[in-house]
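Inside the fold
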Amino acid sequence: MLTLANARLVLPSGVVDGWVRVQGGRIVGVGAGAPAGADGAGARPEVVENVRGRVVVPGFVDMHVHGGAGASYQSGRLEEARRVAEFHLGAGTTTTVASLVTGTPQGLVDGVAGLADAADEGLIAGIHLEGPYLAGSRCGAHDPALLREPDRDEFARLVEAGRGHVRMITLAPELPGAVDLVRDAVRAGVVAAVGHTDAAGACVREAFDAGARVATHLFNGMRPLHHREGGPVGAALGDARVTVELINDGVHVEPEVVRLVFAAAGGRVALITDAMGAAGMGDGSYRLGPMSVTVSGGRATLEDGTSIAGSTITMAEAFRRAVEVAGIPLEDASRAASLVPARALGLDHEVGSLDVGKRADLVVLGEGRSVARVMKDGRWR
Ligand SMILES: [Zn+2]
């Protein structure tokens, strides 16, 4: 049993000076002030660690990430998945949904099958299919030649190949059959997300009414907000059922817009990295699925310069920027980095907050809100 005492705990209800106790990989106690005595028969001897007033937040939940440390989830290879997960774990991400960009039918099946092994190993919490049913006019860094119309049989094959680990699919609701595919996803227990779309607001609302619950990287890869046609942005911000992802890297969305989104949809904002292989690496040439990407000054773009191609940030950086650059209160930024994505994924009974019974996944922050230590499943990494 381990108790972290003298901690500045970021709880869903606010910031509290207190303690958190973990045992057997779970949080078994949380409280204000000095630690209460450990009770319960058979409890193991207690170790108390003084964290000296440091901020402790729940482990970050990244629901949209492609890679890091020079590696990518796309191939589904276990070694690579391990490298990506390990890198992001070092930056506080204790729960990951691995994203696959649009690929060939066989490439996606192979990727999903490989990542299902990674999920069985506990490296990732699930798989996000970003595509292949996306709008060509809003395809961003997805290979336009590989985009296709929604194919319910293909989707069923991918769900099967994922052995229960496909957690989310992003699609463009204006494509033929997309709304039926949203319904299939809901039935299969897969979160349907709207993204890479040129749809008008009414079409997006239809997808939400059919069960879609996430807007994939709000603003990026979608028709912009217009005051006479709110499009996907207006529909998502206006629907209390919908979680909106934000890539808060200072490249995809400016701080003023981050503040606007938090003001409009505070309890529904999920910070994501959308990181690709270059995260944690230097500038240079990288791959994002089948596409060649150039990273310069930390900014990833397609080789031909036509689109931003994922980010190079970590969740720790997305969280730090939310607080320090956008001025979002600590507890709101923490919720956006943990509880909101956990809820959107249906994982909030297990992770997402420092609550008794949940997994002991937490991050101790150091100077300048950097990551000092990360605990996953009750173990310091
Ligand atoms: Zn995308």
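Keep in mind that this is a model prediction, so the values were computed, not measured.

Quick look at the coordination of the zinc ion now. For a metal with four tetrahedral donors the ideal donor-metal-donor angle is 109.5 degrees, whereas six octahedral donors ideally subtend 90 or 180 degrees. Bound to the zinc ion are the protein donor atoms Glu-130 (OE), His-196 (NE2) and His-217 (NE2), situated 1.9 to 2.3 Å from the metal. Here the donor residues of the zinc ion share one chain and are spaced in sequence as E-x65-H-x20-H. With Glu-130 in strand E10 (residues 126-130) and His-217 in the loop between strand E13 (214-215) and helix H6 (231-237), this residue pair connects regions lying 87 residues apart in the sequence.

Glancing now at the domain arrangement of the protein. Segmentation of the protein into domains returns domain 1 (2-57 + 356-380) and domain 2 (60-344). Using C-alpha coordinates to define each centre, domain 1 is positioned 30 Å away from domain 2. Between domain 1 and domain 2, the contact holds 17 residues from the first and 18 residues from the second. Both sides of the domain 1 and domain 2 interface together cover about 1400 Å² of buried area, and 66% of this is carbon and sulfur. Linking domain 1 with domain 2 are one salt bridge, by the criterion used here. Across the salt bridge formed by Arg-369 and Glu-324, the nearest N and O atoms sit 2.9 Å from each other. Summed over the shared surface of domain 1 and domain 2, the number is three residue pairs in polar contact (both at pLDDT 80 or more). Of all the secondary-structure elements, those providing two or more residues to the side of domain 1 that touches domain 2 are strand E1 (2-11), strand E2 (14-23), strand E5 (55-58), strand E19 (362-365) and strand E20 (371-376). Considering each element in turn, the side of domain 1 that touches domain 2 owes the most residues, four residues, to E20. Considering only residue class, the side of domain 1 that touches domain 2 consists of 11 nonpolar, two polar and four charged.

Among the nonpolar cores identified, the biggest contains 80 residues, and Tyr-73, Ile-124, Leu-218, Leu-246 and Phe-319 are the most heavily contacted of them. Per-domain counts for this core show at least three residues from each of domain 1 (2-57 + 356-380) and domain 2 (60-344). Judged by nonpolar contacts, the second largest core, of 16 residues, contains Val-97, Met-168, Val-191 and Ala-344.

Pairing between sheet strands relies on hydrogen bonds along the backbone, with the strands arranged either parallel or antiparallel. An order of E6-E9-E10-E11-E12-E13-E14-E15 is seen for the eight strands of this open sheet, with the pairing classed as parallel. On the outer flanks of this sheet lie strand E6 (60-65) and strand E15 (269-272), each paired with one strand and no other. Against the sheet, helix H9 (residues 330-337) makes contact with E6 and E15, and its axis sits at roughly 70° relative to E15, the strand it touches most.

A few words on the sheet that holds strand E17 (residues 291-296). Strand order in the open sheet formed by three strands is E16-E17-E18, with antiparallel pairing between adjacent strands. Every interior strand has two partners, whereas the edge strands, strand E16 (284-288) and strand E18 (299-302), have only one. Averaged over neighbouring strand pairs, the angle between their axes works out to 35° when direction is ignored. Pairing of E17 with E18, which is carried by four bridges, proceeds in the antiparallel orientation. Across the sheet, Ser-296 pairs through a bridge with Arg-299, a residue of E18.

Criteria and thresholds
- Residues numbered from 1 in each chain as written.
- Predicted model: local features only at pLDDT ≥ 70, side-chain atom pairs only at ≥ 80, totals over all residues.
- Heavy atoms only, no water.
- Donors = N, O, S within 2.8 Å, 3.2 Å for Na, K, Ca; no water.
- Helix = DSSP H or I, 4+ residues; strand = E, 2+ residues; numbered from the N terminus.
- Domains from an automatic or database assignment.
- Contact = heavy atoms within 4.5 Å.
- Buried area = accessible area lost by both parts, 1.4 Å probe.
- Salt bridge = Lys/Arg side-chain N within 4 Å of Asp/Glu carboxyl O.
- Polar contact = N/O pair within 3.5 Å; in protein donor to acceptor, adjacent residues only side chain to side chain.
- Nonpolar A, V, L, I, M, F, W, Y, C, P; charged D, E, K, R; others polar.
- Core = buried A, V, L, I, M, F, W, Y, C linked by side-chain atoms within 4.5 Å.
- Buried < 20%, exposed > 50% of the residue type's maximum accessible area, 1.4 Å probe, protein only.
- Pairing = 2+ DSSP bridges.
- Axes fitted to C-alpha atoms, helices over the stretch in contact; angles between N-to-C directions.

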